[in-house]
Amino acid sequence: MASESDLRALDGRAYPPDHAHETPARLILDGDAVRLEDAAGTVLRTAPRTGIVLEPALGRTERTIRLPDGTLFLTRDPGLAHAFDDDGGLLHLLESLRGPRLLAVALGTLVATAVLLRVAVPVLVTLAVWLTPPALVRQLDAGSLQAIDALMMDDTRLPADDRAWVSALFDDLRAAAPPPPRGARDVLLFRDMGGTPNAFALPGGTVVVTDGLVDALRDDPDALAGVIAHELAHVRERHGLHGLYRALGIYAMLSLLVGDPGPVLDSLLLEGNTLLQLAGTRAAERDADAGAVPILRAAGYDPDGLARFLDDIADRYGDGGGWWSTHPASSERARDLRDAIRR
Amino acid sequence: MATDYVARARDKAAADDRGAVEAVRFDGTAREYFGIWIVNLLLSVVTLGIYSAWAKVRTQTYILRNTSIGGRRFDYHATGGQILKGRLIVVGALVAISILTAAVPLAILLFYVAAIFVFPLLIVRALKFNARNTSWSNVRFDFQGSYGGAMRVYIGIPILVALSLYTAWPFLTRARQRFFVENHRLGDRAFAFEKGIGGYYLAFLIAAGIAVIGMVAFTILFGGALTATFDRMADGGTEEPVIEIFGIYLALFLIGTPVAMVYRAMARNLMYDGTTLQDGHRFESRVRPARLVWIAVSNAVAVVLTLGLALPWARIRMTAYLARCTTVHPNGAFDDIAGRIEEDNRAIGDAYSDIEGLDIGGVGI
């Protein structure tokens, strides 16, 4: 038996394994051994010093010590720090910061979050796009077309010579543009959307032009070239895949980082995520407008055609834009385009 | 040695005061939780979300260790590694499903059908993982609900309720609460549930009344303006009704929040009042619906205005309020409760509920 001064005793309460019974108890560290005694000094448990686990501190909750057989010992004894040579753990120290140090941690978190959204997410998205197998990219186009055809598109009613000159224009632009990214292939398709003028690109390089668009821009090949060049730019910059991965990544990270925000806030958070995605698609539209200008110049078309078309859209359908839109305002896009042309 | 220890427990139990009321205590503070939350967030962000599994454990442990009944605290036992594994599997599956449905859109129908069968399984798994990794006074909880039982209350009864044009909704709430309560164990003791349907219909009628009053008020205040806008649109106007659509949305939110919160508050009270633990410990909940609506709405406003910094305060405030409203009426001593529960490290259901927000529905807030 060690001398009285070598003993280190902690007062607390103990629970037997898988038992709710609570008893005031004293944990005694005696060299390499540990023993648990009740108030009367009866030994309840003994264990080797190495077999017991002291859990890291958490807030002001009682310190938790687990014996190998599942006995639980809880204590607030201030002697614990000395007995176990324990400072509560690094996490607890960080969590207990106050004043300017806490402010520094908060600011660090803010900066880290900004870096995550601005740098890490785009890098991860680019990596995911690069890892996507080419066969999958082509299948994305086939699948989307199937759904679009079933839901909102009919076969084209354009006469063959119309299709011929638009195809020739498409080939001009394609030849002038940088090569399509890995897995993508430039393909032009005609569809009718009830006469509505529209055009869009799919991730694998499929560009769809509606009858309504060809009809509206028959007399302005520069404008039609502008629209198609804009779609080719979407394909070059891989906006489709980026959007898909970005939405998935931000959704997963938001739900994991925020945890359970409680009632009301959980639905607000979903709306916030939607707004963030809309900001993403608006940025992609601006990029595609900017990317269209060099393609049009290289192919010998007047890039102002696209700006004219956007002005026309603004006149006919309203300006659009704003935080609730997938596209920026048409007038803003036309202005940015003309700025890019002058530069 | 162990038997000696337990035998003395029995003597002490016999001497314990019977019939006293024990309040549920919550001792967490916003100040302290803010530190934990901000460190969790910082580490989660710099590890691209990976640390969030350990952050969840730390948060749950903090909340549970600060919650106590009769001076005996709860505790949380899941490990970050288990939760990370579950989350990686769930995130991987969700990404694969998203890409697959983008490539083969018709596959989404297949996933919808599969979801009907997988969803109840995930709920049972989530409840089981949570129960088995939660303890009170060194005794673990368990959840023994079956897949068939979950199918019944999460798929079968909802279909019948829809056929009743939702007039049977209170029966669904009660069925889910029964499934939740009766399948929980504390050690080897079962929880029992018995509650008449009357209170649920009262809650339902009050919630429906608030919805009707809200919609009437909205129509009187803004109906004219909305009709005028839609008339102009029908006449070929080109303005976008953004303000109007946003306004309708906001109104639905402003009416829907109190409706849902009032119903949930009353349903929570009914659930606790209908619950007993084997041997007769009873529970009681006195959440005031108006107070709960106020806390939920003011929490949300505070969090938005502080760009999220008030989240820890909001969470502590809500947890403390719910604890304050909850009491236990013991029948005999707590010391006798015991029982060994199998370990559970399969966190897929729990991870799914963290990411997609499983709606367990009608059981607590």
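Residues numbered from 1 in each chain as written. Chains lettered and ligands numbered in written order. Predicted model: local features only at pLDDT ≥ 70, side-chain atom pairs only at ≥ 80, totals over all residues.

### Details of the overall build of chain A
Secondary structure summary: chain A contains eleven helices and eleven strands in total. Whereas a compact globule of 343 residues would reach a radius of gyration of roughly 20 Å, chain A reaches 33 Å, over 25% beyond that. For the C-alpha atoms alone, the extent of chain A along its principal axes is close to 105 × 40 × 35 Å. Taking all 343 residues of chain A together, the buried fraction comes to 34%. Considering only contacts within chain A whose residues lie at least 6 apart along the sequence, 59% involve residues at least 24 apart. (Helix = DSSP H or I, 4+ residues; strand = E, 2+ residues; numbered from the N terminus. Rg over C-alpha atoms; globule rule 2.2 N^0.38 Å. Buried ≥ 20, exposed ≤ 12 C-beta atoms within 10 Å, placed from the backbone. Contact = placed C-beta atoms within 7 Å.)

### Some thoughts on unusual backbone geometry
Backbone geometry at aspartate 85 of chain A places phi at a positive 50 degrees, although glycine is not the residue there. In this structure, aspartate 85 of chain A sits in the loop between helix 1 (80-84) and helix 2 (90-95).

### Overview of the interface of chain B and chain A
For interface size, the figure often reported is the accessible area lost on association. Taken together, the contact pairs 63 residues of chain B with 53 residues of chain A. Broken down by secondary-structure element, the contributors of at least two residues to the side of chain B that touches chain A are helix 1 (2-15), helix 2 (30-46), helix 3 (52-65), helix 4 (80-103), helix 9 (242-273), helix 10 (289-305), helix 11 (311-324) and helix 12 (348-356) of chain B. It is helix 2 of chain B that provides the largest number of residues to the side of chain B that touches chain A, a total of ten residues. Considered class by class, the residues forming the side of chain B that touches chain A number 36 nonpolar, 16 polar and eleven charged. (Nonpolar A, V, L, I, M, F, W, Y, C, P; charged D, E, K, R; others polar.)

### Side note on the sheet that holds strand 6 (residues 184-186) of chain B
Residues and elements named next belong to chain B. Taken together, the ten strands give a closed barrel; going around it, the order is 1-2-3-4-5-6-7-8-9-10, and neighbouring strands pair in antiparallel fashion. Taken pair by pair, the neighbouring strands of this sheet meet at an average axis angle of 30 degrees, ignoring direction. Summarising the sheet, strand 5 (residues 139-143) and strand 6 pair through three bridges and their orientation is antiparallel. Of the residues in strand 6, the one forming a bridge with phenylalanine 141 is leucine 186. Packing against the sheet, helix 7 (residues 169-182) makes contact with strand 6, strand 7 (189-193) and strand 8 (275-277), and its axis sits at approximately 165 degrees to strand 7. Set on the sheet, helix 9 makes contact with strand 8, strand 9 (281-285) and strand 10 (326-329); between it and strand 9 the angle comes to about 170 degrees. (Pairing = 2+ DSSP bridges. Axes fitted to C-alpha atoms, helices over the stretch in contact; angles between N-to-C directions.)

### Points about the environment of tryptophan 136 of chain B
Residues and elements named next belong to chain B. By the secondary structure assignment, tryptophan 136 is in strand 4 (residues 134-136). Tryptophan 136 sits in the buried class, given 21 other C-beta atoms within 10 Å. C-alpha of tryptophan 136 to C-alpha of arginine 65: the two residues are 71 residues apart in sequence and 9.2 Å apart in space. Ignoring any residue separated from it by four or fewer positions in sequence, one finds tryptophan 136 in contact with Arg72, Phe74 and Leu186.

### Details of helix 11 of chain B
All names here are of chain B. In this model, helix 11 (14 residues) spans 20 Å end to end at C-alpha, consistent with the 20 Å of a helix rising 1.5 Å per residue. Looking at helix 11, one finds that the buried residues are Leu311, Pro312, Ala314, Arg315, Ile316, Leu322 and Ala323. The elements touched by buried residues of helix 11 are strand 1 (22-26), helix 2, strand 2 (67-69), helix 10 and strand 10. (Expected span 1.5 Å × (residues − 1).)

### Describing the packing of helix 4 of chain B against helix 5 (residues 107-132) of chain B
All names here are of chain B. Relative orientation of the contacting elements helix 4 and helix 5 amounts to 140 degrees, with a least axis distance of 8 Å. With respect to helix 5, the element helix 4 is oriented oblique. From helix 4, Ile97, Leu100 and Thr101 reach across to helix 5, where they touch Ala107, Ile108 and Phe111. When its residues are assigned to classes, the contact of helix 4 with helix 5 shows five nonpolar, one polar and no charged. (Parallel < 35°, antiparallel > 145°, perpendicular 65-115°, else oblique.)

### Re the confidence of the model for chain A
In the predicted model, chain A carries a mean pLDDT of 91, and 98% of its residues have values of at least 70. Mean pLDDT values for the elements of chain A range from 84 in helix 8 (residues 239-258) of chain A up to 98 in strand 7 (residues 72-75) of chain A. (pLDDT = per-residue confidence, 0-100.)

### With respect to the nonpolar core
The tendency in soluble globular proteins is for nonpolar side chains to be buried as a group. Counting residues in each nonpolar core, the largest one holds 94 residues, and the members touching the most others are Phe73 of chain A together with Val262 of chain B. The dominant element in this core, judged by the number of residues it contributes, is helix 9 of chain B, at nine residues. If we skip the residues at most four places from it in the chain, phenylalanine 73 of chain A touches Gly12, Ala14, Ala25, Leu27, Leu36, Ile65 and Leu67 of chain A. The next biggest cluster of nonpolar side chains, apart from the first, holds 45 residues, and it includes Ala225, Val227, Ala229 and Leu296 of chain A. (Core = buried A, V, L, I, M, F, W, Y, C linked by C-beta atoms within 7 Å.)

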